[in-house]
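If you want the building blocks of each chain, they are given just below.
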Amino acid sequence: MGFCCCKDEPIDLDSEVDLYHFDLHRAVGKGAFGKVRVVEHKRDGQLYALKYINKKSIIAMKAVKNTVQERRLLEEINHTFIVNMRFAFQDDENCFMVLDLMLGGDLRFHYERKLTLGEDAVRFYIAELSSAISYLHSQRIVHRDIKPDNVLLDKDGHAHLTDFNVACHIEHGKALTSVAGTVYYMAPEIIYRKGYTFTSDWWSLGVMAFELLFGRRPFRGKKSVEVMRSIMHDTPEIPEATGHMASAEAKDCIMRLIEKSPSKRLACKPKGAGLAELRAHAWFRGYDWEKLDKKAMQPPFVPDPKKLNFDFSHELDEYMAPSELLTHQKRKNRDVNKLSKEMRQLEEE
Ligand SMILES: Nc1ncnc2c1ncn2[C@@H]1O[C@H](COP(=O)(O)OP(=O)(O)OP(=O)(O)O)[C@@H](O)[C@H]1O
């Protein structure tokens, strides 16, 4: 089903990586600024996900800074449970990021089809993600947008954290005050704007676990301001229908992650002590952490390789609007130089 456009002269695979080094296959997702498709490296046949971000859209939506920041952060990190970036390059129209390929879909996709993911699965995803989050914090990076949409499964069902759009570094002795992330998953310390650090990621992980296990979010409201009010003041109630199926240990662990006070919150002790505290929780009794960290634990669910584990409506778009297809051919007759100049200026600001 893949397609490839030819370049007249032979490709030098030892030259700086660009689009010509890959064969382009099917689309697997659509983001705010472009699409994601499967690509195959011509040298070794290795499959990756190519995320292409349209420069015009990010300029129009004033998202250049976030896009540049995301690429820079991804250049620094590499972890078993993160969707790592392997190459980055650009042409006149798009910025490209070549990422580890995740063919299992995101947790939102699976959750919406099942109502809840079940306790064993939720525990397993939280365990794998705890490894990724702790690694990021050790690099002084806070993710700030942990939610089911940003957890992708690989073909075997292992969880990986993605979308570093609003992630950022925290300098020693400093705290952040900017409001960033998705409101339902936002920690109270972000909303209070009195300064926050890494603790907010553990809160978001707790909100996500609550949602995946109990089938609804702990803090709700029709408008953002109502959700924020609920986050600041309400004690979440576990729904009876799904709650009675969960163990006391699961409930305790999740409720302790969504503890409003960061100093009392589970996993928020400084340095490695936070991770050790989470991993010592009774919910994870019997877990072989060494095996887990090596990605050697059997995932609770293996995505069906015969199914498209994502919303395929954008795949249809591509057949219906072939003019928008990404090809290796450079587009002509566009004011691309002006655009690239504009991008560079914004990057330098
Ligand atoms: N590495 C990957 N492997 C497989 N599919 C991916 C990968 N990254 C993203 N996708 C798919 O593409 C979709 C869009 O991802 P993308 O990161 O572009 O969008 P987004 O979540 O809107 O992020 P952004 O805010 O950066 O645009 C995801 O929901 C997912 O289904």
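The shown structure was predicted, so the numbers you read here are calculated from the model rather than taken from an experiment. (Residues numbered from 1 in each chain as written. Predicted model: local features only at pLDDT ≥ 70, side-chain atom pairs only at ≥ 80, totals over all residues. Heavy atoms only, no water.)

Enquirer: Where do I start with the packing of aromatic side chains in this structure?
Expert: How two aromatic rings sit relative to each other is given by the distance of their centres and the angle of their planes. For the coordinates displayed, the defined rule picks out 13 aromatic pairs. Here W283 and F284 contribute two aromatic rings whose centre-to-centre distance is 5.3 Å and whose plane-to-plane angle is 50°, an arrangement assigned as tilted. Taken together, the aromatic side chains of F22, Y48, Y52, F87, F89 and F96 make up a single cluster linked through ring pairs. Residue placement shows R113 over the ring face of F109; its charged tip is 3.5 Å from the ring centre. The cationic tip of R217 hangs over the ring face of Y184; the distance from NZ or CZ to the ring centre is 3.9 Å. (Phe/Tyr/Trp six-rings, centres within 6.5 Å; stacked < 30°, edge-to-face > 60°. Lys NZ or Arg CZ within 6 Å of the ring centre and 35° of its normal.)

Enquirer: Where do I start with the pattern of salt bridges in this structure?
Expert: Any two side chains of opposite charge can pair, so long as their charged atoms come close to each other. As enumerated under the stated definition, the model contains 17 salt bridges in all. Close ionic contact of D156 with K155 constitutes a salt bridge, the shortest N to O distance being 3.4 Å. Note on D156: relative accessible area 34%, which makes it partly exposed. Classification of K155 by relative accessible area gives exposed; the value is 54%. Among the salt bridges present, the one from R256 reaches E277, with a minimum N-O distance of 3.7 Å. With R256 in helix α9 (residues 248-257) and E277 in helix α10 (residues 273-279), this residue pair connects regions lying 21 residues apart in the sequence. When its relative accessible area of 32% is taken as the criterion, R256 is described as partly exposed. Ionic contacts of the salt-bridge type, sharing partners, join the residues R108, D149, E211 and R217 into one network. (Salt bridge = Lys/Arg side-chain N within 4 Å of Asp/Glu carboxyl O. Buried < 20%, exposed > 50% of the residue type's maximum accessible area, 1.4 Å probe, protein only. Helix = DSSP H or I, 4+ residues; strand = E, 2+ residues; numbered from the N terminus.)

Enquirer: What should I look at first to understand the sheet that holds strand β3 (residues 47-54) in this one?
Expert: Two orientations exist for strands paired in a sheet by backbone hydrogen bonds: parallel and antiparallel. What the five strands build is an open sheet, ordered β1-β2-β3-β5-β4; its pairing is antiparallel. The open sheet is flanked by β1 (22-30) and β4 (85-90), the only strands paired with a single partner. Each strand axis lies, on average, 25° off the axis of its neighbour in the sheet, ignoring direction. Bridge analysis of β1 against strand β2 (residues 35-41) gives six bridges, and the strand direction is antiparallel. Its bridge partner being in β2, K30 is matched across the sheet by K35. The sheet contacts of helix α2 (residues 64-76) involve β3, β4 and β5 (94-99), and relative to β4 the element is tilted by about 140°. (Pairing = 2+ DSSP bridges. Axes fitted to C-alpha atoms, helices over the stretch in contact; angles between N-to-C directions. Contact = heavy atoms within 4.5 Å.)

Enquirer: Explanation requested: the site of the ligand in the structure shown.
Expert: Taken together, 17 residues lie around the ligand, and A32, K51, D100, M102 and N165 are the ones closest in. Separating an oxygen atom of the ligand from a backbone N or O atom of A32 is a distance of 3.1 Å. Within the backbone of D100, an N or O atom sits 2.8 Å from a nitrogen atom of the ligand. A total of 610 Å² of accessible area belongs to the ligand in isolation, and the protein chains cover 83% of it. Mapped onto the shell around the ligand, the elements with two or more residues apiece are β1 and β3. Among the elements that line the shell around the ligand, the one with the most residues is β1, at three residues. (Near = heavy atom within 4 Å. Polar contact = N/O pair within 3.5 Å; in protein donor to acceptor, adjacent residues only side chain to side chain. Areas by Shrake-Rupley, 256 points an atom, 1.4 Å probe, with all protein chains shown as cover.)

Enquirer: Teacher, can you tell me more about the environment of R144 here?
Expert: As for its position among the elements, R144 is in the loop between β6 (141-142) and β7 (151-153). Taking the C-alpha atoms as reference, R144 lies 22 Å from R279; in sequence the two are 135 residues apart. Leave out the neighbours within four places in its chain, and R144 touches V166, C168, L176, S178, A180, G181, Y196 and D201.

Enquirer: Looking at this structure, how should I read α2?
Expert: Three or four residues apart is the spacing at which side chains of an α-helix point the same way, because the helix has 3.6 residues per turn. Its 13 residues place the ends of α2 19 Å apart at the C-alpha level, agreeing with the 18 Å of an ideal helix rising 1.5 Å per residue. Those residues of α2 not exposed but buried are V64, T67, V68, E70, L73 and L74. (Expected span 1.5 Å × (residues − 1).)

Enquirer: What exactly am I supposed to notice about the domain arrangement of the protein here?
Expert: It is common to give the size of an interface as the accessible area that goes away when the parts come together. Domain annotation for the protein reports domain 1 (19-103 + 309-348) and domain 2 (107-293). Taken together, the 18 residues of domain 1 in the interface contact 26 residues of domain 2. Buried surface at the junction of domain 1 and domain 2, both sides included, amounts to about 2,000 Å², of which 63% is carbon and sulfur. The largest contributions to the domain 1 side of the interface with domain 2 come from L73, F81 and M102, which together make up 33% of the buried area. Run the count over domain 1 and domain 2 and you get zero salt bridges. Scanning the region where domain 1 abuts domain 2 turns up eight residue pairs in polar contact (both at pLDDT 80 or more). (Domains from an automatic or database assignment. Buried area = accessible area lost by both parts, 1.4 Å probe.)

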